[in-house]
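# Fold and contact review
Here is how the chains run, residue by residue.
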Amino acid sequence: DAGVIQSPRHEVTEMGQEVTLRCKPISGHNSLFWYRQTMMRGLELLIYFNNNVPIDDSGMPEDRFSAKMPNASFSTLKIQPSEPRDSAVYFCASSFPQETQYFGPGTRLLVL
Amino acid sequence: AQSVTQLDSQVPVFEEAPVELRCNYSSSVSVYLFWYVQYPNQGLQLLLKYLSGSTLVKGINGFEAEFNKSQTSFHLRKPSVHISDTAEYFCAVSDESNTGKLIFGQGTTLQVKP
């Protein structure tokens, strides 16, 4: 298996632009997690899905952030409009329910 | 509320020396415990996990951890470290509601010096 796939790996954009991060979970996994990692705040869970349904989005910072999982093999995290403080590494992880989470390589986002 | 505390933010150690990275958690119910490693510019990778059974858990790359319920600890150890072990290490505990969420500690940076 290719593991969790994230795209793009790097993204540089200007403040105010829309950013879309993509994730393809491991085939068969039905839990998917989005995390954000910064030096100041460490690793934060933003939102997670079970069977394509958002279960807990309490970690989403504000309305500028949204996440979707239209099917079992694809999820997006969108930031609109982006701000410099959104600069971070965003990770996607997937798992079987209550099992080990497998992380993707991350998307490094820089908002200028 | 659940929490995970990694007592050291940075641990410098010389190559071939032993190391222990400390992790304490708080929970009112039985939980699962994990250690993940993050090498520079990479995602997190599972080192080992405790679900049940033997309290001494062996993982990849020669690491092991011991679950101590009375002390609510899950310290990570390696008897002899290599330069390649330089990385950030995260301790995590499963959410009490058993939803699959993990509560992560703040991480410990292991710096192995030649």
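See above for the structure.
Keep in mind that what you see is a predicted model, and the values were worked out from it rather than measured.

Once that is clear, we can look at the overall build of chain A. Helix and strand content of chain A: zero helices and 11 strands. When the helices and strands of chain A are listed from N to C terminus, the series reads β-β-β-β-β-β-β-β-β-β-β. C-alpha atoms of chain A, sized along the principal axes, occupy 35 × 25 × 25 Å. The long-range share in chain A, meaning contacts at least 24 apart out of those at least 6 apart in sequence, stands at 53%. Accessible surface, chain A: about 5,500 Å² in total, of which carbon and sulfur atoms supply 51%. Put simply, chain A has 10 plus and 12 minus side-chain charges, and the middle of one group is 4 Å from the middle of the other.

Bringing the environment of B:Ser9 into the picture now. Residues and elements named next belong to chain B. If you trace the backbone, Ser9 turns up in the loop between strand 1 (3-6) and strand 2 (10-14). You can call Ser9 exposed: its relative accessible area is 55%. Linking Ser9 and Asn68, residues 59 residues apart in sequence, is a C-alpha distance of 21 Å.

Counting from both sides, the interface comprises 20 residues of chain A and, opposite them, 18 residues of chain B. In total, chain A and chain B occlude about 1,600 Å² of area from one another, counting both sides; carbon and sulfur atoms represent 49% of this. Taken together, chain A and chain B are joined by one salt bridge. As a salt-bridge pair, B:Lys101 and A:Asp56 come within 2.9 Å of each other at their nearest N and O atoms. At the boundary of chain A and chain B, one finds five residue pairs in polar contact (both at pLDDT 80 or more). Those elements giving two or more residues to the side of chain A that touches chain B turn out to be strand 4 (31-38) and strand 5 (42-50) of chain A. Split by residue class, the side of chain A that touches chain B holds eight nonpolar, seven polar and five charged.

This part is about empty space enclosed by the protein. Tallied over the full model, the rule gives one cavity of 30 Å³ or more. Here the largest cavity defines a volume of roughly 50 Å³. Lining the largest cavity are 10 residues, with A:Gln98, B:Tyr32, B:Ser94, B:Gly100 and B:Lys101 sitting closest to its centre. Classifying every residue of the lining of the largest cavity gives three nonpolar, five polar and two charged.

Residues and elements named next belong to chain A. Extensive coverage of strand 4 is indicated by the burial of eight of its eight residues. Neither face of strand 4 is exposed, since Ser31, Phe33, Tyr35 and Gln37 on one face and Leu32, Trp34, Arg36 and Thr38 on the opposite face are all buried. Linking strand 4 back to strand 5 in an antiparallel pair, the connection comprises three residues. Relative to strand 9 (residues 88-95), strand 4 is paired through seven bridges, and the arrangement is antiparallel. Residue pairing for strand 9: Leu32 is matched across the bridge by Ser94.

All right, on to the sheet that holds strand 7 (residues 65-71) of chain A then. All names here are of chain A. With antiparallel pairing, four strands are arranged side by side in an open sheet as 1-3-8-7. Looking at which strands have only one partner, the edges of the open sheet turn out to be strand 1 (5-7) and strand 7. On average, each strand axis in the sheet is tilted by 15 degrees relative to the strand beside it, whichever way the strands run. Sheet topology note: the strand 3 (residues 19-24)/strand 8 (residues 74-79) ladder contains five bridges and is antiparallel. Counted as the bridge partner of Cys23 is Ser75 from strand 8.

Conventions used here
Residues numbered from 1 in each chain as written. Chains lettered and ligands numbered in written order. Predicted model: local features only at pLDDT ≥ 70, side-chain atom pairs only at ≥ 80, totals over all residues. Heavy atoms only, no water. Helix = DSSP H or I, 4+ residues; strand = E, 2+ residues; numbered from the N terminus. Contact = heavy atoms within 4.5 Å. Areas by Shrake-Rupley, 256 points an atom, 1.4 Å probe, with all protein chains shown as cover. Lys, Arg positive; Asp, Glu negative; His and termini not counted. Charge placed at Lys NZ, Arg CZ, Asp CG, Glu CD. Buried < 20%, exposed > 50% of the residue type's maximum accessible area, 1.4 Å probe, protein only. Buried area = accessible area lost by both parts, 1.4 Å probe. Salt bridge = Lys/Arg side-chain N within 4 Å of Asp/Glu carboxyl O. Polar contact = N/O pair within 3.5 Å; in protein donor to acceptor, adjacent residues only side chain to side chain. Nonpolar A, V, L, I, M, F, W, Y, C, P; charged D, E, K, R; others polar. 1 Å grid on protein atoms, 1.4 Å probe; cavity = no way out; pocket = protein on both sides within 12 Å on 5 of 7 lines; lining within 4 Å. Points joined across faces, edges and corners; volume = space filled by probe spheres on them. Pairing = 2+ DSSP bridges. Axes fitted to C-alpha atoms, helices over the stretch in contact; angles between N-to-C directions.

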